[in-house]
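Summary of the model geometry
Single-letter residue listing:
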Amino acid sequence: MEKVSPEGLELTDRVVFINRVAKVVKGGKNFKFTALVVVGDGNGVVGYGLGKAREVPDAIRKAIEHAKKHLIRVSLSKTTIPHPVVAKYCASKVLLKPAAPGTGVIAGGPVRAVMESVGIKDVLTKSLGSNNPVNVVKATFKALTMLRDLGEEAQIRGKRVKEIIY
């Protein structure tokens with residue numbers, strides 16, 4: 001995993017989830033919003049951010065700023081990921097498997113947003129356990145940071161690169 005600076009990158013953002021929370025006070029209810037945003041360049045760089053504010057646009061803006069400060073570079077193998085990986089964050093668990101070219105992104109909700117932002121075109125995913133969008137995104141990022149390039153993976157397994165290509 002490598003931290004990346006946002007300078008010179010064409011980043012696109014996707015709003016994954018917006019939540020309204022209410023605090024009951026003497027004069028009524030105070031509403032605030034949280035926004036979960038994923039940003040990526042479609043070429044292996046991705047980040048996520050969580051923003052909170054009284055208005056939705058402000059929450060989204062804060063989330064985008066946070067995401068741009070926490071970008072990571074993901075190891076890709078052509079249009080897919082190099083090897084299968086499973087990651088768990090709290091009660092959310094995410095399984096990512098490489099797929100043959102032309103398969104597409106087989107993913108739902110928050111995982112799909114992350115995969116499309118990072119630029120992965122062919123992948124099979126399964127989200128297990130809790131479906132809390134924040135935890136699912138964090139589990140997906142944990143899985144992406146666990147990815148190694150094909151050369152490293154082959155060396156760890158004691159095989160040649162051609163033996164582990166999917």
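First things first, this report covers the structure right here in the doc. Quick caveat: nothing in here was measured; it's all calculated off a predicted structure.

The rules behind each value
Residues numbered from 1 in each chain as written. Predicted model: local features only at pLDDT ≥ 70, side-chain atom pairs only at ≥ 80, totals over all residues. Heavy atoms only, no water. Core = buried A, V, L, I, M, F, W, Y, C linked by side-chain atoms within 4.5 Å. Buried < 20%, exposed > 50% of the residue type's maximum accessible area, 1.4 Å probe, protein only. Helix = DSSP H or I, 4+ residues; strand = E, 2+ residues; numbered from the N terminus. Expected span 1.5 Å × (residues − 1). Contact = heavy atoms within 4.5 Å. Pairing = 2+ DSSP bridges. Axes fitted to C-alpha atoms, helices over the stretch in contact; angles between N-to-C directions. Polar contact = N/O pair within 3.5 Å; in protein donor to acceptor, adjacent residues only side chain to side chain.

Attention shifts here to the nonpolar core. In this structure, Val46, Val74, Leu96, Val111, Met115, Ile120 and Leu144 are the most contacted members of the largest nonpolar core, which totals 26 residues. Core analysis: the second largest hydrophobic core is formed by 13 residues, Val4, Leu11, Val39 and Ala59 among them.

Turning our attention to helix α1 (residues 56–69). With 14 residues, α1 should reach 20 Å at 1.5 Å per residue; the first-to-last C-alpha distance of 20 Å fits that figure. Where the residues of α1 are buried, they touch β2 (12–25), β3 (28–40), β4 (45–53) and β5 (71–73).

If you walk across this open sheet you meet the four strands as β6-β7-β9-β8, and the pairing is mixed. The outermost strands of the open sheet, each flanked by one partner alone, are β6 (85–89) and β8 (105–106). Here β6 runs beside strand β7 (residues 92–98); their pairing, made up of five bridges, is antiparallel. Looking at the pairing, Lys88 lines up with Lys93 of β7. Relative to β7, helix α2 (residues 109–118) is tilted by about 45°, and along the sheet it contacts β7, β8 and β9 (123–129). Packing against the sheet, helix α3 (residues 133–145) makes contact with β6, β7 and β9, and its axis sits at approximately 140° to β6.

Examined against the element boundaries, Lys62 turns out to sit in helix α1. Look at Lys62 and you get partly exposed, because its relative accessible area is 38%. Through-space distance from the C-alpha of Lys62 to that of Val37 is 9.4 Å; in sequence the pair is 25 residues apart. Excluding residues within four positions of it along the chain, Lys62 makes contact with Gly51, Lys52 and Ala53. There is a polar contact of 3.0 Å between the side chain of Lys62 and the backbone oxygen of Lys52.

On to the side chain of Ser117, then. Summarising the element assignment, Ser117 is placed in helix α2. A relative accessible area of 3% places Ser117 in the buried class. From its side chain, Ser117 meets the backbone oxygen of Ala113 in a polar contact 2.9 Å long. In this view, Ser117 contacts Arg14, Val38, Val39, Gly40, Asp41, Gly42, Val45 and Val46; residues no more than four positions away in its chain are not counted.

Let us now look at the pairing of β7. Along β7, the buried face is formed by Ser92, Val94, Leu96 and Pro98; none of Lys93, Leu95 and Lys97, which line the opposite face, is buried. Adjacent in sequence and paired antiparallel, β6 and β7 are bridged by two residues, among which Cys90 carries a positive phi angle near 50°. In terms of strand pairing, β7 meets β9 through seven bridges, oriented antiparallel. Paired with Ser92 across the two strands is Gly129, which belongs to β9.

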